[in-house]
Structures are given as C-alpha cells and as structure tokens.
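# A closer look at the structure
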Amino acid sequence: MIRVLVAKLTSCSGCLNEVIYALTHSDIRAKYNVTYFTEVLNVDKISNAELAFIEGSITTKHQEEFLKNLRSQVEFLIALGTCALMGGVQSLRLEGNIEDVKKTIYPEPRYIDILSEVKPVDSVVKVDFAIPGCPINGDALVSFLRKYALGGLPVAIYETVCSECKRKNIPCIIVTQKSPCLGPITISGCGALCPQFGRGCYGCYGLKFFDITREKINALLDRLVELKVDEGNLKAILLAYSFKLYSKLKESRC
Amino acid sequence: MIKVPELQQVKLYAGKLSDLERVMEYLRQRFNGATFMGYKLQNSMPVFGEINSLSDMPIRVSDIQRPGYYELIAGYRFRLSYASPKWYLLPPEHSILKVSPDYEFVDSTNNSLANKVVMFGIKSCDLNAIAVLDAILIGKHPIYTKKRSSVIAIIIEECLEPAETCFCSITGTGPTVLKGYDLAYARLDEDTVIFKAGSTLGEEIIKATGLREAVQEQVKSYYNAVERAMSIMSTRLPHLEEIQKALRRNVINEKLWKTLSEKCTGCGNCNYVCPTCFCVEIVDRVEESYTTRTALWTACCTYTYGLVAGGHFRRDLYMRYRHFILHKFLFYPKQTGGLLGCVGCGRCTTWCPLGLDLKETLVKVVEEVR
Ligand code: SF4
Ligand code: SF4
Ligand code: SF4
Ligand code: SF4
Ligand code: SF4
C-alpha cells in the first residue's frame, strides 16, 4: 500500500472534499493507505510517506514551518487547487493594508498573527505535481491516483477551458450571447462546467501559465468591456483566482 | 474556381419547400432505416446531428455572422453554425482502444456506429471539407473510415447569399457544387426551391418525386443569384494564387506574424470549428474496469500542439497561429494531392472569441508583399 499524507493550509476544504470523493472508490482504497488527514483521521503526528497532498496557501509563519517539515518526510508532493497553486481568494486582501483587513473582520485584531503576504505552496517547498481547480476536479484526482498506482503519471495537456467547451458541443457564449467568459485564458480541467450551464467562466482554475502575456489578457478584457462588463470586477477576479501569475504580469507588462 | 458557364450544363428543376419534404420522404423509404444527418435547431442553435423532418432543420432562420459574433434572425438564408459534418465523421472524443485490467484488448471502434447515413442539407463548403478529410484520413483513421463509408447519399443545400464571413468562391469550394453529391437544392426565395441532380440517385429522386423542369425565368434568377454571391465574395480577398505567393514569401517574417497574432490567446476555437482540422491528442482513461485510449480533438493554436517528449517545437504562440494559416493554404495541398485546406467557410472567424479575422490576416500578408 502507498502511504499518503493529506494536509491543509489556508483554504476552504473544498479540494479535500474531492480527496474524500476519490477515496470512495474501492480500487483506490485498496492501493492507498492514508496516514495523516486531520479532517478524517484522529492523528496529529506526521510520519514518513510516499505521497503528500497539500491544499491551501501559506499565510502564517507556522504553516511555512509545518510545510517544510512535511516536505522532508515525503517523496512526492502534489499541490491541490487554486489556493496552493496561485494563492487563492485570500490574495484579495493584498490589495489593502493587512492591519485594516484584520480590523474589518476581527474585534481584537492584535490576536491575529498572519504574514502580510499570501504564499503559494511552490514558493516555499518543491512541488512535484499540480492539480488545478477551485475546487479541483475529483475525477482528475481519481485519474492521478489510478495512474500513479500503475507506476505512471497523467500526461499534462496544456489547453484552455475553450477546448473542453468546444468538445462538449457548447456554442460559445461570448459569440452567441455577448456574455463575458474568461475561458480563452483559463487553464482547462473543469470540463467547461460553467459554459455548460450558459454562464461565463470566471477563471477559477487560474490563468494558463503558458502563452499568456499582459497584452493577451488585455485583448480579452477589452473584448469583454465591449460587452459591457466592468473592468474592475474582471481584474479583481483575476487577482482572486490567479494571484501568483497575474500579479507578476501586472508588474512586468510583458 | 467554379465558373458559371460550367454550371449551366446541369438541368435545373423547380419546386416548393413541400417538395423538399417529399425528397426526404422518398429517401427514407428508399434507404429504409437510414439515419439522416444535417443541421438542426437545438435550443435555438443550429448543431449537427440527426434530423427527423424538415421542421428540425434551420429552414426559417438566417444567420448573421461577423468576427466573434453570431446571431439567428427570422429568414430563409441559413448558412452555417460552428458545427459541421466533422462532428459526425470525426467526433470530438472517440475511443480507439479498450484494455481490460488483465491486458486483454477490446475492439472499441465498432460500437454504436450507424450503418446507413444520409447527409441532408450540408453546404458546398462542407462537401469540400469532407473531400479534404477523406484525402487525409480514409484508410488511416479506422473510425473516420467506418463513419465515412456509412454515408450513402449526400444532399447539398447551396447558398445563394453568402454570410459576411464566407469566401468560398475564392477557395473554389462554393457556393454551388459541381460533383461529389447526389442532389443539390437552392432556395430561390422563401418557398421556391431549385433542384439539380449530381448522380443517378439524384436523377432517380427527381423522377420519383415528379419535379418539373425550372422555367426560364427561374433558371435566370438562379444563375444571377449565384453570380451575385460569387462576385460579393470575390471582393473580400485577393486571388488565391496571390495569397499563396504572399504566404510563401512571408514564412519567416517573424514581426508580421507576431503582429497578426497579437490578440490571439491560443484558445483553439478556430481549429475546433474548422471543418477540415483533424488533429487529435491521445489520452488514456484508467477506470476500475476498462482503460480506454481516447482521441480528443486538439488544436494547433494551443500549447499542447508541438509539445513532444524532451521539448516543444512551436513554443511561441505566433508560430502556432502562423502554422494554422500556412497549413490551410500551403501544406494541405501537399498532403491531399492538391486540395486546399481552407474551404472558405469563415467559421474560424465567427467563432473566435477574440474576433480575429482570417480574411484580414490574409489581406495583411498580401499587403506586406505589395
Ligand atoms: S463559452 Fe467561454 S469557454 Fe466556451 S468557447 Fe466561448 S470563450 Fe471559450
Ligand atoms: S468554467 Fe471557469 S469558473 Fe467555471 S468551473 Fe471551469 S474554470 Fe471554474
Ligand atoms: S480562436 Fe482566435 S484567439 Fe483562439 S486560437 Fe484561434 S485565433 Fe487565437
Ligand atoms: S480555416 Fe477558417 S475559413 Fe478556412 S475552412 Fe477552416 S474554419 Fe473555414
Ligand atoms: S462558405 Fe459558401 S457554401 Fe459555405 S456557407 Fe458560406 S456561402 Fe455557403
């Protein structure tokens, strides 16, 4: 049996729910032994394992140490979801002053000990494999676990949501309904969930990390602004779901 | 390019929409159990699929097409949608192999294929796109080959008014057909339909349905309409030879291609909707019971394309956008024994969410030379 750790940093547990979904498959349970997973198991000590799944981004000093220690105990580390890969919606707070942000939520902000930044997992430890999504697609995880058990890895396919949208025979909603959609710059993986229901993609899987420059994003934003979408909202969405990439592109104006 | 005089050698017949209905009826009886495939309205959008009667078809709508824009209005001039016969002949996802957990192979190319298919109401550009796919895939792609051989009759709807994005007269692929079809019809007005036979089956249909020869006035207005359609399209682009020459000269003009693809995000929509794009990528889907090796449509504008073990041979997006254009206009003829890869349907332009216009790209390449 392959020993597995499942850990959570700052996040909503949505991706962990998908881990639980994956574990409902009996062929997967037969091959994997989960030894640490605080949402499910009453175990609070980390021990050596082959695989670790990490959900969430780093927002405290403690999380950073925890993650470094965990990395030293496992052979292969998989980052799960937008928080772990990009920072996640908590990155929205980076637009403001951290002390003001604390004050808006907590009556006694001085007890809140957090970093001023939001760090994706790969900025602290080495990541061996990434599964994007907010939350991740449970079937992608199932596929990963089945292939890994056979000694392989899924082949990465670099596409946008549009690829899945077209293969599902969905008429483009930008073209037919003048509705906004971030599909052309968002990484694939969800199976074009939102366009399937006639709604635009809001980019929850994150910006694709290839082919994209500031100009390309602007070209799409200009197109969506023509469709009467508020540019500020679009930028906030990009920051929330694609902080790591979008903030870099913002600086470099490449 | 098709010349009007060439067309004039074919005898024309005239009828009403109800006669078109009778043609369908006749074919149903003639080919008992055949599936009729064509454009049909589904949730007010023309898709490509099985049609049961004329009323399934987009016969009471016209499409308005512009770069990145598509709308249906009441009318009788339906041209195209994003879909095409490719959706039947080379489906977006098809399994090519199945393996059991004990490594026992199962032939998965057999299942759920219709054995007799009548293509009904496809366009001249569609017919030419099928010829392109035939040249590349027949005998090489088992699923395409099987599906293609299931097609027993082809009924064409000719366009007498092209959409704003169409340019089939430039590519020599429309709007009328000369060969490769059984029966063709064109809608002269809302109710008048002109028919012509392209095979013995076509002649048989005309005889059996008792269609009358078109009167001189109808013949005249049909040819006038064809000529008008062709001349409208001919102003949209330079001659094909000039386009090809300019493309050849600009293959390594990096700056030009970077400018032309400035707004392209590499989403691949242009490739998926193109009726002659045939590239697939292969993924293995491991299930608890069988593992399926599946082919998925891929797109040369996406980053996946050109990615190989050990590297990437078209890393920059402009190289892939350039490849898309060069493939259609310069490389396909080498692959197909002379057929152009572009049939002038304009789908890539209408369905580009960013509104990139293929015609504009071609015009700019030609201007670069002039
Ligand atoms: S609806 Fe969105 S995801 Fe689908 S093709 Fe259009 S832009 Fe792409
Ligand atoms: S369509 Fe876009 S917003 Fe919707 S689930 Fe997929 S990636 Fe997320
Ligand atoms: S559809 Fe448009 S944006 Fe997408 S790859 Fe094609 S040209 Fe580029
Ligand atoms: S390249 Fe564009 S115009 Fe030419 S056949 Fe393909 S979709 Fe139609
Ligand atoms: S390209 Fe020609 S045949 Fe095709 S829809 Fe347009 S006018 Fe009709």
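Structure's up top.
Residues numbered from 1 in each chain as written. Chains lettered and ligands numbered in written order. Predicted model: local features only at pLDDT ≥ 70, side-chain atom pairs only at ≥ 80, totals over all residues. Heavy atoms only, no water.

Another aspect to go through is the sheet that holds strand S14 (residues 291-297) of chain B. Strands in a sheet are paired, the pairing made by backbone hydrogen bonds, and the direction either parallel or antiparallel. All names here are of chain B. The four strands lie next to each other as S7-S6-S14-S13, forming an open sheet whose pairing is antiparallel. Strands with a single pairing partner mark the edges of an open sheet, and in this sheet they are strand S7 (105-106) and strand S13 (280-286). Strand direction decides the pairing type here: strand S6 (residues 93-99) and S7, joined by two bridges, are antiparallel. Bridge pairing links Lys-98 to Val-106 in S7. (Pairing = 2+ DSSP bridges. Helix = DSSP H or I, 4+ residues; strand = E, 2+ residues; numbered from the N terminus.)

In this section: the pairing of strand S1 (residues 13-16) of chain B. Residues and elements named next belong to chain B. Bridge count for S1 against strand S11 (residues 192-197) is four bridges, and the pairing is antiparallel. The residue of S11 that forms the bridge with Gly-15 is Val-193. Relative to strand S12 (residues 212-213), S1 is paired through two bridges, and the arrangement is antiparallel. Looking across to S12, one finds that Tyr-13 is bridged to Glu-213.

Our focus in this paragraph is the site of ligand 4. Taken together, Phe167(B), Cys274(B), Pro275(B), Lys328(B), Cys342(B), Val343(B), Gly344(B), Cys345(B), Gly346(B), Arg347(B), Cys348(B) and Leu358(B) make up the full set of residues adjacent to ligand 4. Partitioned by chemical class, the residues of the shell around ligand 4 number eight nonpolar, two polar and two charged. (Near = heavy atom within 4 Å. Nonpolar A, V, L, I, M, F, W, Y, C, P; charged D, E, K, R; others polar.)

This next bit is on the site of ligand 2. In the vicinity of ligand 2, the residues found are Thr186(A), Cys190(A), Leu193(A), Cys194(A), Pro195(A), Cys201(A), Tyr202(A), Gly203(A), Cys204(A) and Tyr205(A). Per-class residue counts for the shell around ligand 2 are eight nonpolar, two polar and no charged.

Turning next to the interface of chain B and chain A. The interface of chain B with chain A comprises 41 residues on the first partner and 30 residues on the second. In total, about 3100 Å² of surface goes out of reach between chain B and chain A, with carbon and sulfur atoms giving 60% of it. Where chain B meets chain A, there are two salt bridges. In this structure, Asp211(A) engages Arg320(B) in a salt bridge whose closest nitrogen and oxygen atoms are separated by 2.6 Å. Looking at the side of chain B that touches chain A, the elements with two or more residues in it are strand S3 (45-50), strand S5 (69-74), helix H11 (269-273), S13, S14 and helix H12 (317-336) of chain B. Of all the elements, S13(B) adds the most residues to the side of chain B that touches chain A, at four residues. Its residues assigned to classes, the side of chain B that touches chain A shows 23 nonpolar, ten polar and eight charged. (Contact = heavy atoms within 4.5 Å. Buried area = accessible area lost by both parts, 1.4 Å probe. Salt bridge = Lys/Arg side-chain N within 4 Å of Asp/Glu carboxyl O.)

Let us look at the nonpolar core. Residue and element names in this part refer to chain B. Leu-247 and Phe-329 are the most contacted members of the largest nonpolar core, which has 126 residues in total. Among the elements that take part in this core, H12 stands out by supplying nine residues, more than any other. What Leu-247 contacts, discounting residues up to four positions off in sequence, is Trp-257, Ile-325, Leu-326, Phe-329, Leu-330, Leu-362 and Val-365. Counting residues in hydrophobic clusters, the runner-up holds 26 residues, among them Val-23, Phe-36, Leu-201 and Ile-205. (Core = buried A, V, L, I, M, F, W, Y, C linked by side-chain atoms within 4.5 Å. Buried < 20%, exposed > 50% of the residue type's maximum accessible area, 1.4 Å probe, protein only.)

Residue placement: Met233(B) occurs in helix H8 (residues 216-234). C-alpha separation for the pair Met233(B) and Cys166(B), spaced 67 residues apart in sequence, amounts to 7.0 Å.

All names here are of chain B. Those residues of helix H7 (residues 200-208) not exposed but buried are Leu-201, Gly-202, Ile-205 and Ile-206. One side of H7 carries all its buried residues, which in axial view fall inside an arc of 140 degrees. H7 presents Thr-200, Glu-203 and Lys-207 as exposed residues on the side facing more than 90 degrees away from its buried surface. Along its buried surface, H7 packs onto S1, helix H2 (17-30), strand S9 (151-158), strand S10 (183-187) and S11. Gly-210 sits one or two positions beyond H7 and adopts a positive phi of about 65 degrees. (Arc of directions from axis to C-beta.)

Turning to the pairing of strand S2 (residues 32-37) of chain A, a few remarks are in order. Residues and elements named next belong to chain A. For S2, the buried fraction is high: five of the six residues fall into the buried class. Inspection of the sheet shows strand S1 (residues 2-8) paired to S2 by five bridges, in the parallel sense. Its bridge partner lying in S2, Arg-3 is registered against Asn-33.

Turning our eyes to something else, we now look at the sheet that holds strand S3 (residues 49-55) of chain A. Residues and elements named next belong to chain A. On the basis of which strands lie adjacent, the open sheet formed by five strands has the order S2-S1-S3-S4-S5 and parallel pairing. Of all strands in the sheet, those with a lone pairing partner are S2 and strand S5 (129-131), marking the two edges. Between one strand and the next, the sheet's axes are offset by a mean angle of 25 degrees, whatever the strand orientation. One ladder, built from six bridges, connects S3 with strand S4 (residues 74-80); its direction is parallel. Each residue of the ladder has a partner; that of Glu-55, found in S4, is Leu-80. Helix H6 (residues 138-149) contacts S1, S2, S3, S4 and S5 of the sheet and is inclined by roughly 165 degrees relative to S3. (Axes fitted to C-alpha atoms, helices over the stretch in contact; angles between N-to-C directions.)

For the coordinates displayed, the defined rule picks out 31 salt bridges over all chains. Across the pair Asp128(A) and Lys126(A) runs a salt bridge, and its minimum N-O distance is 2.8 Å. The class of Lys126(A) is exposed, set by a relative accessible area of 56%. Here the salt bridges share partners, and the residues they tie into one network are Asp27(A), Arg146(A) and Glu287(B).

Before going further, it helps to spend a moment on the packing of aromatic side chains. Tallying each qualifying case throughout the model produces 23 aromatic pairs over all chains. Judged by centre distance (5.6 Å) and plane angle (90 degrees), the rings of Tyr39(B) and Phe48(B) are edge-to-face. With a relative accessible area of 9%, Phe48(B) lands in the buried category. With a centroid separation of 6.4 Å and 45 degrees between ring planes, the pair formed by Tyr185(B) and Phe195(B) is classed as tilted. Of this pair, Tyr185(B) sits in strand S10 while Phe195(B) sits in strand S11, and the two are ten residues apart along the sequence. Phe195(B) gets classed as buried once you look at its relative accessible area, which sits at 0%. Linked through ring pairs, Phe53(A), Phe76(A), Phe129(A), Phe144(A) and Tyr148(A) together constitute an aromatic cluster. Here Arg66(B) stacks its cationic end above the ring of Tyr69(B), 4.4 Å away from the centre of that ring. In this arrangement the basic side chain of Lys86(B) is found over the ring face of Trp297(B), its NZ or CZ atom lying 4.3 Å from the centre. (Phe/Tyr/Trp six-rings, centres within 6.5 Å; stacked < 30°, edge-to-face > 60°. Lys NZ or Arg CZ within 6 Å of the ring centre and 35° of its normal.)

That is the geometry; function is a separate question.
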